[in-house]
Amino acid sequence: MSLDVSPKLLAEAEYGDIREADFVDTVRTSLPYAYNLIASLATELTDSAGDFTDNQTPPPSEQERGQLLRALASDAIRGSLERHFGVALAFQNCHRVAAFRPGALGGETYARFTSVRAQVLNQSPEFRDC
């Protein structure tokens, strides 16, 4: 799944750096499911007292699952979304993404979520093909 990059943004990139806000807008329009899911997690995190919030609901279709995987598999996309929303993202399977407060990185909750044990415990047969 590729981003829908406008000719204007492509031309800017060919001549030098681009504004990250323009890149994030391209992500928003190209990967709306992923963008909106991360936006909602960031809002939930802001409204809570916890170190993180996560999504445990599978995407409604393979298209949306692909958007989420694309967003989180790209360092540039993931990093831009983290900076845009002021969160640190962690990912366990084909849909369980979590938004952490940046200060929680390296803490016990983050270490537990990203541990090998948590990865194994968060698997099931229906995730084998995702």
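Preceding this paragraph is the structure being described.
A brief report on the enclosed structure follows. All values reported here derive from a predicted model rather than from experimental measurement.

Details of the overall build of the chain
Turning to step 1, where the next piece is worked out: What the chain contains, in helices and strands, is seven helices and three strands.
Turning to step 2, where the next piece is worked out: Of all 130 residues assigned to the chain, the portion counted as buried reaches 40%.
Turning to step 3, where the next piece is worked out: At a minimum sequence separation of 6, the contacts of the chain that also span at least 24 residues come to 63%.

Quick notes on the pattern of salt bridges
As a working rule, side chains carrying opposite charge can pair if their charged atoms are close by.
Turning to step 1, where the next piece is worked out: Inspection of the entire model under this criterion finds seven salt bridges.
Turning to step 2, where the next piece is worked out: Aspartate 22 is the salt-bridge partner of arginine 19, the closest N and O atoms lying 3.1 Å from each other.
Turning to step 3, where the next piece is worked out: For arginine 28, the salt bridge identified is with aspartate 25, shortest N-O distance 2.5 Å. Here the residue arginine 28 and the residue aspartate 25 both occupy positions in helix H2 (residues 20-30), the gap between them amounting to three residues, near one helical turn.
Turning to step 4, where the next piece is worked out: Residue classification places aspartate 25 among the partly exposed positions, given a relative accessible area of 36%.

Brief notes about the packing of aromatic side chains
Turning to step 1, where the next piece is worked out: Under the criterion given, the structure shown has two aromatic pairs.
Turning to step 2, where the next piece is worked out: Ring centres of tyrosine 35 and phenylalanine 85 lie 5.2 Å apart, and the angle between their planes is 55 degrees; this geometry places the pair in the tilted category. Taken together, the residues tyrosine 35 in helix H3 (residues 32-46) and phenylalanine 85 in helix H5 (residues 75-85) connect sequence positions 50 residues apart.
Turning to step 3, where the next piece is worked out: Judged by its relative accessible area of 11%, tyrosine 35 falls in the buried class.
Turning to step 4, where the next piece is worked out: According to the relative accessible area criterion, phenylalanine 85 is partly exposed, its value standing at 21%.
Turning to step 5, where the next piece is worked out: When the centroid spacing of 4.9 Å and the interplanar angle of 15 degrees are considered together, the rings of phenylalanine 52 and phenylalanine 100 count as stacked.

Details of helix H4 (residues 62-73)
Turning to step 1, where the next piece is worked out: Given a rise of 1.5 Å per residue, twelve residues ought to cover 16 Å, and the 16 Å separating the end C-alpha atoms of H4 matches this to within 8%.
Turning to step 2, where the next piece is worked out: The set of residues buried in H4 consists of Glu64, Arg65, Gln67, Leu68, Ala71 and Leu72. Buried residues in H4, looked at end-on, bunch into an arc of 155 degrees, giving them a common side. Exposed side chains of H4 directed beyond 90 degrees from the buried face belong to Glu62, Gln63 and Ala73.
Turning to step 3, where the next piece is worked out: For H4, the secondary structure elements touched by its buried residues are H2, H3, H5, strand S2 (88-91) and strand S3 (97-100).

Structural notes on the packing of H3 against H5
Turning to step 1, where the next piece is worked out: For the pair H3 and H5, interaxial distance at closest approach is 10 Å and the crossing angle is 35 degrees. The two elements H3 and H5 cross, and the hand of that crossing is right-handed. Contact residues: Tyr35, Ile38, Ala39 and Ala42 in H3; Leu81, His84 and Phe85 in H5.
Turning to step 2, where the next piece is worked out: The class makeup of the residues in the contact of H3 with H5 is six nonpolar, one polar and no charged.

A few points about the pairing of S3
Consecutive side chains of a regular strand alternate in pointing toward one face of the sheet and then the other.
Turning to step 1, where the next piece is worked out: Burial of S3 is two-sided: the residues Val97 and Ala99 facing one way and the residues Ala98 and Phe100 facing the other way are all buried.
Turning to step 2, where the next piece is worked out: Where strand S1 (residues 52-54) and S3 come together, three bridges link them in antiparallel fashion. Residue phenylalanine 52 lies in a different strand from S3, and its bridge partner there is phenylalanine 100.
Turning to step 3, where the next piece is worked out: Relative to S3, S2 is paired through four bridges, and the arrangement is antiparallel. Each residue of the ladder has a partner; that of alanine 88, found in S3, is phenylalanine 100.

The rules behind these values
Counting restarts for each chain, with residues numbered from 1 along the sequence as it is written. With the structure being a predicted model, the display of local features is reserved for residues of pLDDT at least 70 and the display and counting of side-chain atom pairs for 80 or more, all residues being used for whole-chain, interface and lining totals. Hydrogens and waters are ignored; side-chain quantities use all the structure's heavy atoms. Note on conventions: DSSP H or I runs of at least 4 residues are helices, E runs of at least 2 residues are strands, and numbering of each starts at the N terminus. Burial here depends on accessible area, computed with a 1.4 Å probe over protein chains only, as a share of the maximum for the residue type. Under 20% is buried, over 50% is exposed, and the range in between is partly exposed. Contacts were defined at the residue level, with two residues in contact if any of their heavy atoms lie within 4.5 Å. By definition, a salt bridge exists where a carboxyl oxygen of Asp or Glu is found within 4 Å of a side-chain nitrogen of Lys or Arg. Any two rings among Phe, Tyr and Trp, with Trp reduced to its six-membered ring, count as a pair given centres within 6.5 Å; such a pair is stacked if its planes are under 30 degrees apart, edge-to-face if over 60, and tilted if neither. Helix span, as expected, comes to 1.5 Å for every residue beyond the first. Working definition: the arc comes from the directions between the helix axis and the C-beta atoms, pointing outward to the latter. Whenever a helix is involved, its axis is fitted only over the stretch in contact; in every case the axis is a line through C-alpha atoms, and angles between N-to-C directions fall within 0 to 180 degrees. The hand of a helix crossing depends on one turn: near helix anticlockwise from the far one by less than a right angle means left-handed, and clockwise means right-handed. Residue type decides the class: Asp, Glu, Lys and Arg count as charged, Ala, Val, Leu, Ile, Met, Phe, Trp, Tyr, Cys and Pro as nonpolar, and the leftover types, Gly among them, as polar. Note on pairing: DSSP must find at least two bridges between two strands before they are called paired.

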